[in-house]
Amino acid sequence: MTPLNFRQLSAFNAVMKAGSVTEAAERLFVTQPAVTKLLKGFEESCGLSLFERGQGRLKPTAEARQLFAETEKLESGMMRISRLAESIRNLERGEVSAVTFPALSMHIAPQAAAVLLKRSPDVLVQLFSRTSRSIEDSMITGRADFGIGLRPSTAPSLIAEEFEDLHFVAALPAHHPLAVKDHVSIMDLDGERFIALGRDDLSYPLTEAAFQRVGARMNAVAEVHMADAACAMVAAGAGVAIVLSITHAGTEDDRLAFRPLREPFGMKSWLMTPRGEPMSLLATSLLDEIRHQIRQLQFHAKG
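Per chain, the residues get numbers from 1 upward, laid out in the order the sequence is written. Residues qualify for local features only when their pLDDT is at least 70, as the model is predicted, and side-chain atom pairs are given and counted only at 80 or more; totals for whole chains, interfaces and linings, by contrast, use all residues. As a rule here, side-chain values cover all heavy atoms of the structure and leave hydrogens and water aside.

Draft legend 1. Just the overall build of the chain, in detail. Secondary structure elements are defined from DSSP: runs of H or I of at least 4 residues count as helices, runs of E of at least 2 residues count as strands, and each element is numbered from the N terminus. Looking only at helices and strands, one finds 10 helices and 11 strands in the chain. We take the radius of gyration over the C-alpha atoms and set the globule estimate at 2.2 Å times the residue count to the 0.38 power. On C-alpha atoms alone, the chain measures out to a radius of gyration of 31 Å, which is more than a quarter above the 19 Å that the 2.2 N^0.38 rule sets for 303 residues. When its C-alpha atoms are laid out on the principal axes, the chain stretches across 100 × 40 × 25 Å. Here the term buried applies to any residue with accessible area under 20% of the maximum for its type, exposed to any over 50%, and partly exposed to those in between, with areas from a 1.4 Å probe on protein chains only. Counting the 303 residues in the chain, one finds 46% classified as buried. When checking whether two residues touch, look at their non-hydrogen atoms; a contact exists if any pair is within 4.5 Å. Looking at the chain alone, contacts between residues at least 24 apart form 75% of all its contacts between residues at least 6 apart. When the accessible surface of the chain is totalled, it reaches about 16100 Å², and 53% of it is carbon and sulfur. For accessible areas, the Shrake-Rupley method is used with a probe of radius 1.4 Å. Any residue's cover is judged against the shown protein chains and nothing else.

Draft legend 2. Looking closely at helix H9 (residues 227-235). Every buried residue belonging to H9 is among Ala227, Ala230, Cys231, Val234 and Ala235, and all of these are buried. The arc that holds the buried residues of H9, viewed along the axis, is 135°, so those residues lie on one side. Where H9 is buried, its residues touch strand S6 (158-173), strand S7 (193-197), strand S8 (219-224), strand S9 (241-244) and strand S10 (256-260). Where H9 ends, the next residue or the one after it, Gly237, has phi of about 85°, a positive value. In this description, one arc is meant: the one made by directions from the helix axis to the C-beta atoms.

Draft legend 3. Representation of the packing of helix H1 (residues 6-18) against helix H2 (residues 21-28). Inter-axis angles, ranging from 0 to 180 degrees, are taken between N-to-C directions of lines fitted to C-alpha atoms, where helices are fitted over the stretch in contact. In contact at an axis separation of 8 Å, H1 and H2 are set at 125° when each is read in the N-to-C sense. Judged by the angle between their axes, H1 and H2 are oblique. For the pair H1 and H2, the crossing hand works out as right-handed. Between H1 and H2, the residues in contact are Ser10, Ala11, Ala14, Val15, Lys17 and Ala18 and Glu23, Ala24, Arg27 and Leu28, respectively. With respect to orientation, any angle under 35 degrees is reported as roughly parallel, any angle over 145 as roughly antiparallel, any angle of 65 to 115 as roughly perpendicular, and every other angle as oblique. When the near helix sits turned anticlockwise from the far one by under a right angle, the crossing is termed left-handed; a clockwise turn instead gives a right-handed crossing.

Draft legend 4. Seen up close, the pairing of S7. Of all the five residues making up S7, four are buried; the element is thus mostly covered by neighbouring parts of the structure. Two strands pair under a simple rule: DSSP has to find at least two bridges between them. Taken together, the five bridges between S7 and S8 define a ladder with parallel strand orientation. Residue pairing across strands places Ala196 opposite Glu223, the latter belonging to S8. Considered for its hand, the β-α-β crossover made up of S7, helix H8 (residues 204-214) and S8 is right-handed. Handedness rule for crossovers: strands pointing away from the viewer, path from the first strand over the helix to the second running clockwise, crossover right-handed.

Draft legend 5. Structural view of the pattern of salt bridges. By salt bridge we mean one thing: a side-chain nitrogen of Lys or Arg within 4 Å of a carboxyl oxygen of Asp or Glu. One pass over the structure, following the stated rule, counts 10 salt bridges. Between Arg255 and Asp253 there is a salt bridge, and its shortest N-O distance comes to 2.9 Å. On the basis of relative accessible area, Arg255 is assigned to the partly exposed category, the value being 43%. In this structure, a network of salt bridges that share partners links the residues Glu162, Asp165 and Lys268.

Draft legend 6. Structural context of a nonpolar patch on the surface. Exposure above 30% relative accessible area and the lack of any salt bridge qualify a residue for a patch; like charges then connect within 9 Å, and the nonpolar side chains Val, Leu, Ile, Met, Phe, Trp and Tyr within 5 Å. Taken together, the side chains of Phe6, Leu74, Met78 and Ile81 make up a nonpolar region of the molecular surface, amounting to roughly 360 Å² of accessible area. Considering each element in turn, the nonpolar patch owes the most residues, three residues, to helix H4 (residues 62-89). Mapped onto the fold, Leu74 is located in helix H4. Since its relative accessible area comes to 46%, Leu74 is described here as partly exposed.

Draft legend 7. Highlighting the side chain of Thr273. Structurally, Thr273 can be placed in strand S11 (residues 266-274). Apart from the residues within four sequence positions on either side, Thr273 is in contact with Met139, Asp145, Phe146, Ser157, Leu158, Ile159 and Met279.

Draft legend 8. Just the pairing of S10, in detail. Most of S10 is tucked away, with four of its five residues classed as buried. Note that S6 and S10 share five bridges and pair antiparallel. Of the residues in S10, the one forming a bridge with Val169 is Pro260.

Draft legend 9. A look at unusual backbone geometry. For Phe29, which is not glycine, the phi torsion reads 60° and is therefore positive. Under the relative-accessibility criterion, Phe29 is labelled exposed at 77%.

Draft legend 10. Up close: the packing of H2 against helix H3 (residues 32-46). At their nearest, the axes of H2 and H3 sit 8 Å apart, and the two run at 105° to each other. As summarised for this structure, H2 and H3 are arranged roughly perpendicular, according to the angle between their axes. From H2, Val21, Thr22, Ala24, Ala25 and Leu28 reach across to H3, where they touch Gln32, Val35 and Thr36. Along the lines of polarity and charge, the residues of the contact of H2 with H3 split into five nonpolar, three polar and no charged. Residues are grouped as follows: Ala, Val, Leu, Ile, Met, Phe, Trp, Tyr, Cys and Pro are nonpolar; Asp, Glu, Lys and Arg are charged; every other residue, Gly included, is polar.

Shown next as structure tokens:
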């Protein structure tokens, strides 16, 4: 006996339903000799005579009818698997989760997820926001398909690779005299009332160093935990700030103005994925959309 194959099973089912090789061949879009060969192979694989042949018709034996009760279920199951595989391949079904640092999770990641859901409305998307220091922990515990942070992971169970370079912009009250400029120099911010991100934020030493390089004084009058909070204070006229350009991805506040810096500086973002586990098509699609959103925003933010 030779192993059964799905084409033989399909030919058998088609003949059982059609009652003849001719009609079965038409249903399967193959030739009659092909169906005859597949049918013969199916009988040999089963070790049974399944049809009585005569006068151009095939009469199923009792054994054939017994088999058909199961092979029809099997074929239906295979078709369901095929349709499911197609829907997964076309990103129509499935789940995807991502954990990102706050500046990314506030606007960019949700906007990317919205684009994905518009294309694939039956997909479940989960977005988590964590500090860059805790994204690694979330990934180690299997909380997400991928993580994006501002520091690389050193965990052996994760792969960390450079994702996108992010740059900073000046956030100004819309009525501020500097808002009329196309670019703002850090020296322009010398002594200005400055809304800084907290000293434990990874951007703080970079911003402080940028002031020091040009000999400007960073006159911090407030320290906040989130870039969005800094922008809210700037909009209220409390001072100026320097934030990542992705901060204003969803900002539509006419009290705010964002300007590129004449002395640009930035920081790297890092992609973290489980070692030895390739990303799903859905995860790849969401990641690509996040990358696209970042690049599009930074292109326009450069002025």
